[in-house]
Each structure stands twice: as structure tokens, then as C-alpha cells.
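As a plain string of letters, each chain reads:
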Amino acid sequence: MKNFVVSARKYRPAVFDHVVGQPHITTTLKNAIKDKHLAQAFLFCGPRGVGKTTCARILAKTINCQQVTVDTEPCNTCASCTSFNSGRSLNIYELDAASNNSVEDIRVLVEQVRYSPQAGQYKVYIIDEVHMLSNAAFNAFLKTLEEPPSYAIFILATTEKHKIIPTILSRCQIFDFHRIQPKDIVQQLKHIAQQEGITYEEEALYLMGQKADGALRDALSIFDLVVTFVSGQLVSLQATLEHLHILDHSYYFKLTDACLQHNPGAALLIYDEILRSGFDGHHFITGLSEHFRNLMMGQDVATLQLLEAADSVKEQYQIQAARASLAFLFKALNIANQCDLHYKNSNNKRLHVEVALIELTHIQEVDQLAGTVKNPLTQLHSKPSTPTTTPTSVLASSPQRKDTEKNNEKCKNEGKTVGSASPLPAKKVSTLQATIKLPQIDQLKKSFDQQQPSSCSQPPERITTQLPITQEAVHQHWETYAKKLKTAGKMSEYSLLNQDITLADTTIVLQLVNAVQQDILAGIQEDLMAYLRKILQCPALELKGVVVPAEKNTKPYTAQEKFNYLVEKYPDLRMFQEKLCLEVQD
Ligand SMILES: [Zn+2]
């Protein structure tokens, strides 16, 4: 049986130019060799698997090469180079400080340094994971590092630069290695696949590149494993997903479609499928956040380059991004992020994610009602349904249910927009009800709606009976309600309602003097509005409290103003007024 050589070793670069993704390092090193400006101590910093040791080895080989090329690369044919390539060279000494970090290990190394090289010009000492050296070992090493013999070159490598003591840092020339870009990793994987005659799907290689998180060595290990897994077959995206146990991004695309079509049923079914495939809910939700982030990047040509994906996937992102508004994505990201943050503390994790999904499927309609989404309504309905969304036969819908739903959504909208702009006319609301929902979803949705602080108390039929309301009628019922409060002994609430109101379309604007009044208003707003909506037969009626701070120099004029002024100064007065059921009289 032929020995299998892992790709990371087999395709370890033999020259600087083959080092992937670190041109700033290799160019500097080549120039230093060419100009004979070589430092005696280097510190190579950067994440694991990005080529630190590889660069160190190529450097050692090049400076000992007998026929360095014009391009300052090792010839790889001379005696020195071949001994390096076969790992027999005595001019290179590698110490893994992770496992050899004692003073004794360093003493052995320092002892070695004393002997000049038998062949070649330089002896190169590579100390990997140098931050693992004990303090005593560091100190034993300092002297040598400070005054090394002319033939000795030290290359210290570390993944944790901040752990290196300043005395070492100041004696080294520091090189910062970059995380390797997925596209560079993909390029390298393609190269290896071609060399090995392996057929592949580009998406599969991108997935490996992403999974490797900037470490080429990890990507190569993944590649090797998947190649072994498919055993001579095509390295497909599906096989890679299966092997790496990664959620296929098509799930996220489908799910976002469900959100854009405000179809909670489809969203929950997709989530169920994901869970049944053995994926963790937390991974799913972080993946979903990532997906929304990618869509945000896909909205702008300028940020499109931040998307690390195969071109075909990029295109998919662009298409979906065009359908989603920035406002939608922003809210979606926020919801997904909140779900992620609270996932660990949730007792019912599945429900926790499901509630977030239901919320996600409602962003679009809430926005459309508020008129803030750029997407026209037509876009929403002309969209072809995705292949995964549940077939219509499964979805039951009775007119009755739709009615309740209509009301629920209407209420939800009101709940969200209290104190802001007035909602769109009821006619527009009804056009949004085309979506069909799963029966069991209705239950969930209802329970979700109940959690929302809103005033959803009016019966369904009220929606359709919108009548024009007059200023007089509002004033009349407003006063009736105020008197009820007075009878109940709620004097502060009563005096609050005694202030000026104006009616703009279906919004009552109440002028407030300060934040205290705002708090008082918040306490009675729900009841008050329920009362007014019912008696005025106007479910769309809104109340907006506007704080108009009294100008500092304005003197209180009416008795009420004087009283308010005094309450500002002596808040206890309010208590007296309430306890004694007093009323301010002009
Ligand atoms: Zn050579």
C-alpha cells in the first residue's frame, strides 16, 4: 500500500512564491536576503496554520542555498537544498516550546549555538510557540539572543504575541502573518485538486475555506478528509456539508424567503427539518445572523466583496438582498442576535428559537403597515414560492381564521405604533391578509401576540366599521372619561386629561409638560384608548403624548398651570391633592 502523505505536507511550499496569502512577508524576507540585510532574530506572529514555520524553513533553506536564483528563491537542487527538503540538514534546529519549555531545553539549544555550521553559511534555530517558554527559560535565552554568533539566526514563532515579554520583542524583527483569505485558500485547494486529478464543486472548496477560518493547514486537513470520504468520487458540496456537519446555506435562503413572505408556517417547518437533521439550535441561529449579515453586504456593490463565497452563491445573496429592505435586514439581525444572546438562558430552547422565527416572519408586514419598507406590496405577492415552502394542500385556511388573524395583525401593528405615526387606512390592511397560515401556527402566533404589550381588546368586526370621527365627539368622550377618573379619585390622571388635546386624522395629540406626565399617561393610555376606540367605533384611533416643555420665563397663568408649577417644585403636593380628592379651580 502506498503511503498516504497529507496534503499539508505534500504541498508544503518549497519556495517563497508558493507561500499562500503572505506576500508582505515573503517579499520583505526576499529583499532582506538579496540586500544581505538579514536580522539575526525574527519573531513570526499570527494565527495557526498560516505559514509561519513554512516561511522559517524556506528562509533557512534559501540563506544556505549554494545557487540562489535571481528571484532570491532556493534552487531546491543543490546539496544543501536537498538535505533541507529531505529533513536531514544539520543547519536547522527546531524546538517546539509548547512541549520543551524548561530551562534545561533552552540550555541544550544555547549549547548548540556555540558550534559553527559544518556546511553552509547559517544555522537557523526555529522556536515554535515561543510564548510557552517559562520565565526562567526566557531569561536563559536572552543573553544568546542579544549577542548571537554571526552564523546563528533565530526565528521565534508564536500565535500569541501579547504573551512575549518586551525584552524579547525589542530584540526581534517582527513579522505579522495574516489570516489567509478564503479565496486564497480556495485557489490553493483548486491547485491541489488539479494536481491530484480530483474533481470538485467550487462551492465545496469555498465551504472548506470558510470552515478553516483563515488557516490553510486546517483547510488542507478538511480537504484530505472529504477526499477520503468521497473516495474517488466528486468532491461535492453535499458531501462536504455532510462530512463537516454544516448547515447548508440553502436552508437560510429558504428561511429568509419565508420571512419575506411572512409565512411563519414555512419557517417553523424548515427549522423542524434542521433540528431533525441533528443540528443544534444555537448553531442555526448564529448561522442565520451570519446569513442576514451577508444579505446586508449583498445589498451594495461596494460591500459585496466582503462576502466570502463562491460566485454562484454571491449571486444568490444579491438576488435575495434585492428583495429585502435594509430596514428588514437590520431588524432581522437584531432579532436573531437577541435570540442568540438569550439562547443559553432559555428553558425551552426550541420555543425560544421558534418565537424568534415567528417574529422574523412578521417584520415585513409590520413595516409595510408603517410604510417604512421600500419594497412595494406587489413584489411580495408576485414572488414565486420557494420549492421548500409547504405545499398549499397542507395549509388550511378558513375565512373565520383569517378574520381573527386580520385582527391580530392589526392589533399588533397598533401595539407597535402607539405614540408614533397613525397607521394606514384599513383598506390597505386587508390587502396584506393574502398569506395562508398553518392552523397550529395560529395558536403559537396568538400566544405570541398576547405577550406583546398592546391593546388588542376590540372584537374583530370593529375593524371594518371605521367611521369618520369629529373633534367634538372626541372631546366629549374624552371629558366623560376624565370625569370617571375624578370620581375614582385619580386626581393626577384627571388633571392630565384636563389639558389641551387636538385631533389630527385618527391621532389624538395631547400636550404634556414633562416626563412625569408622560409616565402618568402611560399608566392610563391603554384603558383610555380602549374606551375611546369602542365608544367612537374607531379602532385605528391613536394617542400621542407630546412633551412641550414650558419655557423657563413663562409665568404660570391659569390655576392649573400654577398648580403644575408648584407640583414640579414640591412633588408631595400631588399626593395631598390625591389623598384629599382636591380639584384645581380657576
Ligand atoms: Zn539550493
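All values derive from a computational prediction rather than experimental measurement.

Caption draft 1: Seen up close, the overall build of the chain. Per the secondary structure count, the chain includes 27 helices and 8 strands. When the 586 residues of the chain are sorted by exposure, 34% land in the buried category. Across the chain, the fraction of contacts at a sequence separation of at least 24, relative to all contacts at a separation of at least 6, is 76%.

Caption draft 2: Region of interest: the nonpolar core. Counting residues in hydrophobic clusters, the biggest one holds 101 residues, and the most contacted among them are Phe-44, Ile-155 and Ala-267. When sequence neighbours within four positions are dropped, the list of residues in contact with Phe-44 reads Lys-52, Cys-55, Ala-56, Ile-155, Ala-157, Phe-175 and Phe-177. Among the nonpolar cores identified, the runner-up in size contains 10 residues, and Trp-478, Leu-485, Ile-508 and Leu-521 belong to it.

Caption draft 3: Quick look at unusual backbone geometry. Its identity as a non-glycine residue notwithstanding, Asn-76 has a phi of 65°, on the positive side. Looking at the element boundaries, Asn-76 is found in the loop between α3 (52-64) and α4 (79-85). Take Asn-76: there are 16 C-beta atoms within 10 Å of it, and that puts it in the partly exposed class.

Caption draft 4: Spotlight on the environment of Ile-246. With respect to the helices and strands, Ile-246 occurs in the loop between α11 (237-244) and α12 (249-260). Through-space distance from the C-alpha of Ile-246 to that of Leu-207 is 9.0 Å; in sequence the pair is 39 residues apart.

Caption draft 5: Representation of the packing of helix α23 (residues 471-487) against helix α25 (residues 515-536). In the contact formed by α23 and α25, the axes pass within 10 Å of each other and the chain directions differ by 135°. As summarised for this structure, α23 and α25 are arranged oblique, according to the angle between their axes. In terms of crossing hand, the pair formed by α23 and α25 is right-handed. Residue-level contacts link Ala-473, Val-474, His-477 and Tyr-481 of α23 to Leu-528, Tyr-531, Leu-532, Ile-535 and Leu-536 of α25. Grouping the constituent residues of the contact of α23 with α25 by class yields 8 nonpolar, 1 polar and no charged.

Caption draft 6: Fine view of helix α16 (residues 311-323). End to end, α16 covers 19 Å across 13 residues, agreeing with the expected 18 Å (1.5 Å per residue, within 8%). Looking only at α16, the buried set comprises Val-313, Tyr-317 and Ala-321. Taken end-on, α16 shows its buried residues confined to a sector of 75°, consistent with a single buried face. Opposite the buried face of α16, at more than 90 degrees from it, the exposed residues are Asp-311, Ser-312, Glu-315 and Ile-319.

Caption draft 7: View of the sheet that holds strand β5 (residues 173-176). Strands sit in the order β2-β3-β4-β1-β5 across an open sheet of 5 strands; the sheet is parallel. At either margin of the open sheet sits one strand with a lone partner, and together these are β2 (92-96) and β5. Taken over all neighbouring pairs, the strand axes of this sheet differ in orientation by 15° on average, direction set aside. Bridge count for strand β1 (residues 41-45) against β5 is 4 bridges, and the pairing is parallel. The residue bridging Phe-42 from the neighbouring strand is Gln-173, located in β5. Together, β1, β2, β3 (123-128) and β4 (152-158) form the strand contacts of α3, whose direction differs from that of β4 by roughly 170°.

Caption draft 8: Structural detail: the pairing of β1. With 4 of 5 residues buried, β1 is to be regarded as a mostly interior element. Note: β1 against β4, 5 bridges, orientation parallel. Bridge pairing in β4 places Phe-44 opposite Ala-157.

Rules and cut-offs
- Residues numbered from 1 in each chain as written.
- Predicted model: local features only at pLDDT ≥ 70, side-chain atom pairs only at ≥ 80, totals over all residues.
- Helix = DSSP H or I, 4+ residues; strand = E, 2+ residues; numbered from the N terminus.
- Buried ≥ 20, exposed ≤ 12 C-beta atoms within 10 Å, placed from the backbone.
- Contact = placed C-beta atoms within 7 Å.
- Core = buried A, V, L, I, M, F, W, Y, C linked by C-beta atoms within 7 Å.
- Axes fitted to C-alpha atoms, helices over the stretch in contact; angles between N-to-C directions.
- Parallel < 35°, antiparallel > 145°, perpendicular 65-115°, else oblique.
- Left-handed = near helix turned anticlockwise from the far one by under 90°.
- Nonpolar A, V, L, I, M, F, W, Y, C, P; charged D, E, K, R; others polar.
- Expected span 1.5 Å × (residues − 1).
- Arc of directions from axis to C-beta.
- Pairing = 2+ DSSP bridges.

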